[in-house]
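Summary of structural features
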Amino acid sequence: VNHHECHAFQAFCLSGFDEASVLVIDGRGELESSSGWHFHDLKYEKLWFDSPPTSLGYLYLLITSFLGFTYGDEYKVMGLSAYGSPKYKNKFDNLMFIQDNKIVINEKVYSDPLLNQLLFRAFWLKNKIPKKYSNSVLFETFGEPRNPEEQITQYHKDLAASVQAKFEELSFFLLNKLYRNTNCK
């Protein structure tokens, strides 16, 4: 059974509704990073899906790693965001945005030399990331990544709040897109 289909089906079955729209956002489940579903009349259908590299989950994981955490620690970034202000959200506007009714991730992010280091650390932590990177949109945009043993500063809290604000903005874009397709809450 498809990964996103499982998420959507479980959400609907536990909702108690006879009809519902379901939005699934993930790093990646098979080939999907987000998908919209409509459940009604004992049937369901997948209305649309997005695939990596337009994955909000992957981008959140990158920032999680950038902030010195690892895979599965995304909740720490969400919690850290409560202590910050989204004053760097505009920096994320250049990295992920809405274009032609779709979410687009700046292609420079996926060709960034810092990307592989961040993903490697996200899954196998314990390693430091070199502090200097040339031709890195992530380094140029956000500066040096935090290594795990380093103190969390107000900048890190504000960066967490900023990525959370951008993630919420794009999530509401997807929710509105789903509502326009189904006219169902």
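Residues numbered from 1 in each chain as written. Predicted model: local features only at pLDDT ≥ 70, side-chain atom pairs only at ≥ 80, totals over all residues. Heavy atoms only, no water.

Looking at the pairing of strand β5 (residues 102-105)
In β5, alternate side chains face the same way, and those of I103 and I105 are buried while those of K102 and V104 on the opposite face are not. Sheet topology note: the strand β4 (residues 96-99)/β5 ladder contains four bridges and is antiparallel. Paired with Q99 across the strands is K102, a residue of β5. As consecutive antiparallel partners, β4 and β5 are separated by two residues, and within that stretch D100 has a phi angle of approximately 55°, a positive value. (Buried < 20%, exposed > 50% of the residue type's maximum accessible area, 1.4 Å probe, protein only. Helix = DSSP H or I, 4+ residues; strand = E, 2+ residues; numbered from the N terminus. Pairing = 2+ DSSP bridges.)

Here's the deal with the environment of S34
Tracing the chain through its elements places S34 in strand β2 (residues 32-40). Each C-alpha atom of the pair S34 and H4 lies 8.0 Å from the other, and the pair is 30 residues apart in sequence.

What to know about the confidence of the model for the protein chain
Confidence in the prediction for the protein chain averages 84 pLDDT; 83% of positions are at 70 or higher. Here helix α6 (residues 113-124) stands out as the least confident element of the protein chain, with mean pLDDT 59; helix α3 (residues 74-81) is the most confident, with 96. (pLDDT = per-residue confidence, 0-100.)

Notes on the packing of α3 against helix α8 (residues 154-182)
The geometry of α3 relative to α8 is characterised by a closest axis approach of 7 Å and an angle of 105° between their N-to-C directions. In terms of their interaxial angle, α3 and α8 are classed as roughly perpendicular. Contacts from V77, M78, L80 and S81 in α3 reach H156, K157, A160, A161, V163 and Q164 in α8. Of the residues belonging to the contact of α3 with α8, the class tally is six nonpolar, three polar and one charged. (Axes fitted to C-alpha atoms, helices over the stretch in contact; angles between N-to-C directions. Parallel < 35°, antiparallel > 145°, perpendicular 65-115°, else oblique. Contact = heavy atoms within 4.5 Å. Nonpolar A, V, L, I, M, F, W, Y, C, P; charged D, E, K, R; others polar.)

As for the nonpolar core
Residues F92 and F142 are the most contacted members of the largest nonpolar core, which totals 28 residues. Put simply, the parts of the chain that give this core at least two residues each are α2 (56-66), α3, β5, α7 (137-142) and α8. At eight residues, the largest contribution of residues to this core is made by α8. In contact with F92, other than residues within four places in its own chain, are I63, F142, L159, S162, V163 and K166. Core analysis: the second largest hydrophobic core is formed by seven residues, A8, F12, A20 and V22 among them. (Core = buried A, V, L, I, M, F, W, Y, C linked by side-chain atoms within 4.5 Å.)

Some remarks on α8
Between its terminal C-alpha atoms α8 stretches 42 Å, which fits the 42 Å expected from 29 residues at 1.5 Å a residue. Positioned one or two residues after α8, N183 has a phi angle of 55°, which is positive. (Expected span 1.5 Å × (residues − 1).)

Quick look at the pattern of salt bridges
Within this structure, the stated rule accounts for six salt bridges. We note a salt bridge from E169 to K89, for which the minimum N-O separation is 2.7 Å. One end of the pair, E169, is in helix α8; the other, K89, is in helix α4 (residues 89-93), with 80 residues separating them in the sequence. Linked through salt bridges whose partners overlap, the residues forming this network are K89, D93, K166 and E169. (Salt bridge = Lys/Arg side-chain N within 4 Å of Asp/Glu carboxyl O.)

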